Amino acid sequence: MLKSLTSTCRLKSIHRLQRIQAQMMSSHTEPEVLLEKVGRAGVITMNRPKVLNALNLTMIRQMLPQLKKWENDTETDIVIIKGAGGKAFCAGGDIRAVTEAGKVGDSLAQDFFREEYTLNNAIGSFKKPYIALINGITMGGGVGLSVHGRFRVATEKTLFAMPETAIGLFPDVGGGYFLPRLQGKLGLFLALTGFRLKGRDVQRAGVATHFVESVKIPDLENELVDLKSPSDAEVTKVLESYQNQSSMDSDKPFVLDKHLPDINRLFSASSMEGIMQNLKADGSEFAKKQSEILSKMSPTSLKITYRQLQAGAALSLQDVLVMEYRLSQACMRGCDFYEGVRAVLVDKDQSPKWNPSTLEEVSEQSVDECFSTLGEKDLTL
């Protein structure tokens, strides 16, 4: 009985995966990503507004070779990346397709992460000015397409988060590199809780480099496109001139301002259990709220994420991405990722049954195994 049930579930997953792949391959009236040359600028537009420009493998496979081409092309001086539709830059990777693939052992479960992280690395090492206009929702995979570039322009519509611990994953796409480099323990706080930053706060946190009001973005883009062989300093000058004209919310303090000393103190423990103990012992409203939030997250994800950021603080972006690829494959082998996606994105009952269900039950050995080498299957950059 159990065997036939398993094969039925497997069959359903195969059919769902085939349906998703057919949708990916079908001849869209609109391409999913637009790659255009405007003057001496290469412009990338993620063009899936109905799904908040979620990043899929087809898009990654178009963007990566084009970036390489523009990097070596003497006719291209800068690259601008943006999202279509006004609501989102990119709300994340198309992980529903990845979970369906993982259930049936389809290679998309390796290919997606491998090629996405390769793209993140190409952005991080890009030799020319790379400007991400993160106007709207920017989460997960969308953060990977922006944060490693030299310039990230937030607007009042920007909504940033790394919400992966809620779905049994971890803040990947180089999160292990950029998060521990934010001030104090802010990055660890954002990584574990999935806390959302909005508008100017995205810049104040250090995720964006500049803040420009959304109405000024078209003019900013036109001015950037008109630059002739600009240096980083010349791009900075243009961005700063637009930032100086953008006074919206400038009088409001950073949303976490009064909590930063608490975050630094409470999240400084030498283990995930230590952080939870700190929060419970503190008794403040803020600590109580964070404790409640963390108690809903995958215990395995929390422990992996804690160690990922601890290790990533001393690694290069390349080495972090190699580490994160190992972690992605550990999540594909485990069960929390599938359960998290089911609870949050598929059935939407918001009641994941994590296994193990407590931090104490997640052994150090099981965490060690997530970080261990995949041998010849390791990511090579």
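Heads up: the structure comes first, above all this text.
Residues numbered from 1 in each chain as written. Predicted model: local features only at pLDDT ≥ 70, side-chain atom pairs only at ≥ 80, totals over all residues. Heavy atoms only, no water.

(A) Representation of the layout of surface pockets in the model. Empty space within the second largest pocket amounts to approximately 310 Å³. Along its surface, the second largest pocket is lined by 21 residues, and Thr300, Ala330, Gly334, Cys335 and Cys370 are the ones closest to its centre. Ranked by residues supplied to the lining of the second largest pocket, first place goes to helix α17 (residues 364-371) with four residues. Per-class residue counts for the lining of the second largest pocket are nine nonpolar, eight polar and four charged. (1 Å grid on protein atoms, 1.4 Å probe; cavity = no way out; pocket = protein on both sides within 12 Å on 5 of 7 lines; lining within 4 Å. Points joined across faces, edges and corners; volume = space filled by probe spheres on them. Helix = DSSP H or I, 4+ residues; strand = E, 2+ residues; numbered from the N terminus. Nonpolar A, V, L, I, M, F, W, Y, C, P; charged D, E, K, R; others polar.)

(B) Spatial organisation of the sheet that holds strand β3 (residues 78-83). Spatial ordering of the open sheet is given by β1-β2-β3-β5-β7-β10, a layout of six strands whose pairing is mixed. Looking at the sheet topology across the chains shown, the edges are occupied by β1 (33-38) and β10 (210-211). Relative to strand β5 (residues 130-134), β3 runs parallel, the two sharing three bridges. Residue pairing for β5: Val79 is matched across the bridge by Tyr130. Most of the contacts of helix α2 (residues 57-72) go to β1, to which it runs at about 20°, and overall it touches β1, β2 (41-46), β3 and β5. (Pairing = 2+ DSSP bridges. Contact = heavy atoms within 4.5 Å. Axes fitted to C-alpha atoms, helices over the stretch in contact; angles between N-to-C directions.)

(C) Main features of the sheet that holds strand β8 (residues 159-161). Strand order in the open sheet made by the four strands is β4-β6-β8-β9, with mixed pairing throughout. The sheet is open, and its two borders are formed by β4 (88-90) and β9 (197-198), each paired with just one other strand. With three bridges joining them, strand β6 (residues 137-139) and β8 adopt parallel strand pairing. In the strand pairing of β8, Ile137 is matched with Leu159.

(D) Expanded view of the pairing of β2. Within β2, six of the six residues are buried, which leaves it mostly tucked inside the rest of the structure. Covered by surrounding structure in β2 are Ala41, Val43 and Thr45 together with Gly42, Ile44 and Met46, the residues of both alternating faces. In this sheet, β2 lies alongside β1 in antiparallel orientation, the contact comprising six bridges. Looking at the pairing, Glu36 lines up with Val43 of β2. What sits between the antiparallel neighbours β1 and β2 is a turn of two residues, in which Gly39 has the positive phi angle 60°. By the bridge criterion, six bridges tie β2 to β3 in an arrangement that is parallel. By the bridge assignment for β3, Val43 is matched with Ile80. Handedness of the β2-α2-β3 crossover: right-handed. (Buried < 20%, exposed > 50% of the residue type's maximum accessible area, 1.4 Å probe, protein only. Right-handed = clockwise from strand over helix to strand, strands pointing away.)

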